[in-house]
Amino acid sequence: MALVAAVVLLGTGGAYATAANAESDLTIAQDHTVSLLKQEQGFAEVKTVQAQSALITSAQQVGGSTEIDWGTTLEGIQASLPSGVAITGVQVDSATPLQAFSQSTAPLQGPRVATVTVTATTAVLPSVSDWITALELIPGYVDANANSVTLGTDDSGGYTANLTIHLDTGAYDGKYAAEKGE
């Protein structure tokens, strides 16, 4: 019986020592956690700036998702003109990040994100089919329609051509697109 009592006392003492050691370790770990949290609070502003920066980058990606480099596109249209033809008017309609571009219900017209309507004048009857063929080099070109070619009514004569050009997502410049892997 004395032996059992001694074993129980030793077991209880060992358990108490282990519990005391674990409680000491827990206190040290809690103190370390409090210290780390205080250090982390010093970087709270950095975390806020990082979050704001990520939000700005996302906003740029959304806002610029439908951006077309109109300068380059219009230069391409200008370069496609047959000789002796001069642009007298341009009208542009395109999608926005918040509103999709309305699609045509006419058959055989491809999906588009922008439309450019060009009015041009020339002294001689223009070859609209050659002009439309040359437009195929413009990034995002889908198709083009010759709306009208009219003979001028004044003494100078000449012709006025009106052409509608449709562009698809290939016209987007992708300046703010997310990098792969982001």
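What counts and how
Residues numbered from 1 in each chain as written. Predicted model: local features only at pLDDT ≥ 70, side-chain atom pairs only at ≥ 80, totals over all residues. Heavy atoms only, no water. Helix = DSSP H or I, 4+ residues; strand = E, 2+ residues; numbered from the N terminus. Buried < 20%, exposed > 50% of the residue type's maximum accessible area, 1.4 Å probe, protein only. Contact = heavy atoms within 4.5 Å. Areas by Shrake-Rupley, 256 points an atom, 1.4 Å probe, with all protein chains shown as cover. Lys, Arg positive; Asp, Glu negative; His and termini not counted. Charge placed at Lys NZ, Arg CZ, Asp CG, Glu CD. Salt bridge = Lys/Arg side-chain N within 4 Å of Asp/Glu carboxyl O. Pairing = 2+ DSSP bridges. Axes fitted to C-alpha atoms, helices over the stretch in contact; angles between N-to-C directions. Core = buried A, V, L, I, M, F, W, Y, C linked by side-chain atoms within 4.5 Å. Polar contact = N/O pair within 3.5 Å; in protein donor to acceptor, adjacent residues only side chain to side chain. Patch = residues over 30% accessible without salt bridge, like charges linked within 9 Å, V, L, I, M, F, W, Y side chains within 5 Å. Arc of directions from axis to C-beta.

Engineer: Pulling in residues and values, what's your account of the overall build of the protein?
Structural biologist: Looking only at helices and strands, the protein features four helices and four strands. Summarising its shape, the C-alpha atoms of the protein cover approximately 130 × 35 × 25 Å along the three principal directions. Buried positions account for 21% of the 182 residues belonging to the protein. Long-range pairs, those at least 24 residues apart, make up 70% of the contacts in the protein with a sequence separation of at least 6. Here the protein has roughly 12300 Å² of accessible surface; of this, 60% comes from carbon and sulfur atoms. Counting 5 positive and 18 negative side-chain charges, the protein places the centres of these two groups 11 Å from one another.

Engineer: So what about the environment of Val-113? Which residues, and what values?
Structural biologist: By the element assignment, Val-113 lies in the loop between β1 (85-94) and β2 (114-122). Between the alpha carbons of Val-113 and Leu-167 there is a distance of 5.9 Å; along the sequence they are 54 residues apart. In this view, Val-113 contacts Ser-94, Ala-95, Phe-101, Leu-167, Asp-168, Thr-169 and Tyr-172; residues no more than four positions away in its chain are not counted.

Engineer: Account for the pattern of salt bridges, with residues named and values stated.
Structural biologist: This model, assessed by the stated rule, comprises one salt bridge. When the shortest N-O distance is used, the salt bridge between Glu-40 and Lys-47 registers 3.0 Å.

Engineer: Account for the sheet that holds β2, naming residues and giving values.
Structural biologist: In spatial order, the strands read β1-β2-β4-β3; together these four strands make up an open sheet with antiparallel pairing. The open sheet is flanked by β1 and β3 (141-151), the only strands paired with a single partner. Sheet twist, expressed as the average angle between the axes of neighbouring strands with direction ignored, equals 15°. Where β1 and β2 come together, nine bridges link them in antiparallel fashion. If you follow Val-85 over to β2, its bridge partner there is Thr-122. Docked against the sheet, helix α4 (residues 128-135) engages β2, β3 and β4 (159-167), running at close to 155° with respect to β3.

Engineer: How would you sum up the nonpolar core? Please name residues and give values.
Structural biologist: Among the nonpolar cores identified, the biggest contains 21 residues, and Ile-77, Trp-131, Leu-135, Tyr-141, Leu-163, Ile-165 and Leu-167 are the most heavily contacted of them. Of all elements in the fold, only β2, α4, β3 and β4 reach the threshold of two or more residues within this core. Ignoring any residue separated from it by four or fewer positions in sequence, one finds Ile-77 in contact with Ile-87, Val-116, Val-118, Trp-131, Leu-135, Ile-138 and Ile-165.

Engineer: Requested: an account of the side chain of Ser-80, with residues and values cited.
Structural biologist: Here Ser-80 lies in helix α3 (residues 70-80). By relative accessible area, Ser-80 is classed as buried at 8%. A polar atom in the side chain of Ser-80 sits 3.1 Å from the side chain of Trp-131. Discounting residues that sit within four places of it in the chain, Ser-80 has contacts with Trp-131, Ala-134 and Leu-135.

Engineer: Just give me the short version of a nonpolar patch on the surface, but keep the residues and values in it.
Structural biologist: Taken together, the side chains of Leu-74, Val-90 and Val-92 present a nonpolar region at the surface, about 200 Å² in accessible area. Structurally, the position occupied by Val-90 is in strand β1. The class of Val-90 is partly exposed, set by a relative accessible area of 43%.

Engineer: Describe α3, naming the residues involved and giving the relevant values.
Structural biologist: Within the span of α3, buried status applies to Thr-73, Ile-77 and Ser-80. Around the axis of α3, the buried residues are gathered within 65° of arc, so they sit on the same side. α3 presents Glu-75 and Ala-79 as exposed residues on the side facing more than 90 degrees away from its buried surface. As for α3, its buried residues are in contact with β1, β2, α4 and β4.

Engineer: Which residues make up the side chain of Thr-115, and what are the values?
Structural biologist: In this fold, Thr-115 is placed in strand β2. Residue class for Thr-115 comes out buried when judged on its relative accessible area of 13%. Those residues in contact with Thr-115 that lie beyond four places of it in its chain are Gln-91, Val-92, Asp-93, Phe-101, Thr-164, Ile-165 and His-166.

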